[in-house]
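Results of the structural survey
Here is how the chains run, residue by residue.
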Amino acid sequence: MLHFPLFLFLAITLHSFTLSAQHRILVSQISASPSPAPQLPPPLIGVMSPSPLFSVLSYGAVGNGVADDTQPFKMAWDAACQANDPAVIFVPMHYTFMIQSTIFSGPCKSELIFRIEGNIMAPDGPHSWPKNNSKRQWLVFYRIDGMSIQGGGTIDGRGQKWWELPCKPHRGPKGTTLPGPCDSPVAVRFFWSSNLVVKGMKMKNSPQFHFRFDSCHNVHIESLYIKSPALSPNTDGIHVENSNNVYIYNSVIASGDDCVSIGAGTFNVEIRNITCGPGHGISIGSLGPRNTRACVKNITVRDSVIKQSDNGVRIKTWQGGYGAVTGVSYSNIVMEGVRNPIMIDQYYCTGKSCANQTAAVYISGISYKGIKGTYDVRSPAMHLACSDAVPCTNLTVSDVELLPVQGQRIVDPYCWNAYGDGGDDLNIPPLFCLIEGAPPLLLPSNGLDQC
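Below is a short write-up of the structure. (Residues numbered from 1 in each chain as written. Predicted model: local features only at pLDDT ≥ 70, side-chain atom pairs only at ≥ 80, totals over all residues. Heavy atoms only, no water.)

1. Section: the overall build of the protein chain
Broken down by element type, the protein chain carries 3 helices and 31 strands. Considering the protein chain as a whole, with its 451 residues, one finds that 50% of them fall into the buried category. If you take every contact in the protein chain between residues at least 6 apart in sequence, the share linking residues at least 24 apart comes to 74%. Total accessible area computed for the protein chain in this model is approximately 21400 Å², and 56% of it derives from carbon and sulfur atoms. (Helix = DSSP H or I, 4+ residues; strand = E, 2+ residues; numbered from the N terminus. Buried < 20%, exposed > 50% of the residue type's maximum accessible area, 1.4 Å probe, protein only. Contact = heavy atoms within 4.5 Å. Areas by Shrake-Rupley, 256 points an atom, 1.4 Å probe, with all protein chains shown as cover.)

This is the structure in structure tokens:
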């Protein structure tokens, strides 16, 4: 007679009990009503894994494009902001979240990633905007140090009804404006923040600027796709002001205004591998409105394409301002059917007329190299209109080849009080109007010591 060991009997009994329990749990799960499960994002670069995940669905967001999901987003932000470890605020795909104007404030205890895989959209126009909410901004990130916004989702500013306000350009005869309310929100604004990454996002139809960076330090922007109609007013793709160490790479920007605009107080900016247009090109300015000081230096734009735009690379300043624009380099840029490929305009004016003033922002040390392609012959390929009292100096133009998009008539460049090196006759068209050397008279101080 064989004796069955006691320990083996207990092991088989325990195994049978475990399988039965697992079976009951599985059956229970299958019987439960289905609900969408939170979708985990792929591993994040620069963040230790695993990171705390704060899904907006966990805080009550509906994501049907109608319900107001502002508060769940704020709750997810506040919880992630107080986490001791780098945290992920997660916006899942297959949902559309409508959010009112709101401010996401710091400082936070650790670094944050705002992972947007779904869609985020604004209220539908001025009449859907709560009366107590600011009409100058939509999503604001304030006093943040160490944050990235990334993902494959879309931010939709729903700007169409804002563009139709009576005050907007393009609404009146010949592009004039009409009386009426004019405040329109910037879609995404970073203010007093540092060590920021914005990567891989899609943005469309902002009421005003799509992205704006004010008083920010160390900003990396890459692989953005920004799109608004060609005639949408004041919808700059990326605006940078009072900020430094800003890097904008590998992006497509098709907006109704400047693809990238650089305002006063900005230095150390690199723009590389951008496809820009239609729109108003890549601009420094406008600078010095209402007799204000403007200082901009160390700006590089290279390896980019600008197509079907009113302007290519442009520096624009108001009369009466002061300060300086120095150390600007444009290189290896292709123009496709651009009306003003190379432009300095120190007589910038958006009204019917502007009073002549002697003060001006000083422009010096601007280099144009390897600018090639086609231009619209309604304007000259190069337009260098500098102040009567404060000439532009140390302009360098070389290896430029700009041909008319139609026909064979080459329009002569335009220069006014512009000094520098025009590359003899090696440029097309030749820049004979640029005055060689330096101005004969000493330049006024013009607030340069304040830059």
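Let us keep going from here.
2. Some remarks on the sheet that holds strand 17 (residues 238-241)
A sheet is described by the order of its strands in space; here 11 strands give the open sequence 5-8-11-14-17-19-21-23-25-27-30, paired in parallel fashion. With partners counted over all chains shown, the strands left at the sheet margins are strand 5 (102-105) and strand 30 (414-416), one partner each. Taking the axes of each pair of neighbouring strands and ignoring which way they run, one obtains an average angle of 15° across the sheet. Two elements, strand 14 (residues 211-214) and strand 17, share 4 bridges in a ladder whose sense is parallel. From the neighbouring strand, D214 faces strand 17, where its bridge partner is E241. (Pairing = 2+ DSSP bridges. Axes fitted to C-alpha atoms, helices over the stretch in contact; angles between N-to-C directions.)

3. Describing the state of the cysteines
Applying the stated criterion across every chain yields a total of 7 disulfides. In this model, C349 is linked to C354 through a disulfide, with the two sulfur atoms separated by 1.9 Å. Residues C349 and C354 share a disulfide whose torsion about the S-S bond is about 80°; that sign makes it right-handed. For C349, a relative accessible area of 27% translates into the label partly exposed. (Disulfide = S-S within 2.5 Å.)

4. As for a nonpolar patch on the surface
The grouping of L403, I410 and I428 at the surface amounts to a nonpolar patch, some 210 Å² of accessible area in total. Its place among the elements puts I410 in the loop between strand 29 (401-404) and strand 30. (Patch = residues over 30% accessible without salt bridge, like charges linked within 9 Å, V, L, I, M, F, W, Y side chains within 5 Å. Salt bridge = Lys/Arg side-chain N within 4 Å of Asp/Glu carboxyl O.)

5. Focus on the nonpolar core
The biggest cluster of nonpolar side chains holds 98 residues, and the ones touching the most others in it are W77, F190 and Y330. Per-element tally for this core: the top contributor is strand 24 (residues 322-338), with 6 residues. Dropping the residues within four chain positions of it, Y330 is found in contact with I284, V301, V313, R314, I315, I366, S367, Y368, K369 and I371. (Core = buried A, V, L, I, M, F, W, Y, C linked by side-chain atoms within 4.5 Å.)

6. Things to note about the pattern of salt bridges
For the structure shown, the criterion picks out 14 salt bridges. Between D258 and R314 there is a salt bridge, with its nearest N and O atoms 3.1 Å apart. Of this pair, D258 sits in the loop between strand 18 (244-254) and strand 19 (260-262) while R314 sits in strand 23 (residues 311-317); the two residues are 56 residues apart in sequence, bridging distant segments of the chain. The class for D258 is buried, based on a relative accessible area of 1%. Taking the relative accessible area as the measure of exposure, R314 reaches 8% and is therefore buried. The shortest N-O distance in the salt bridge between R302 and D303 comes to 2.8 Å. Judged by its relative accessible area of 26%, R302 falls in the partly exposed class. What emerges from the salt-bridge pattern is a single network uniting R189, R212, D214 and E241.

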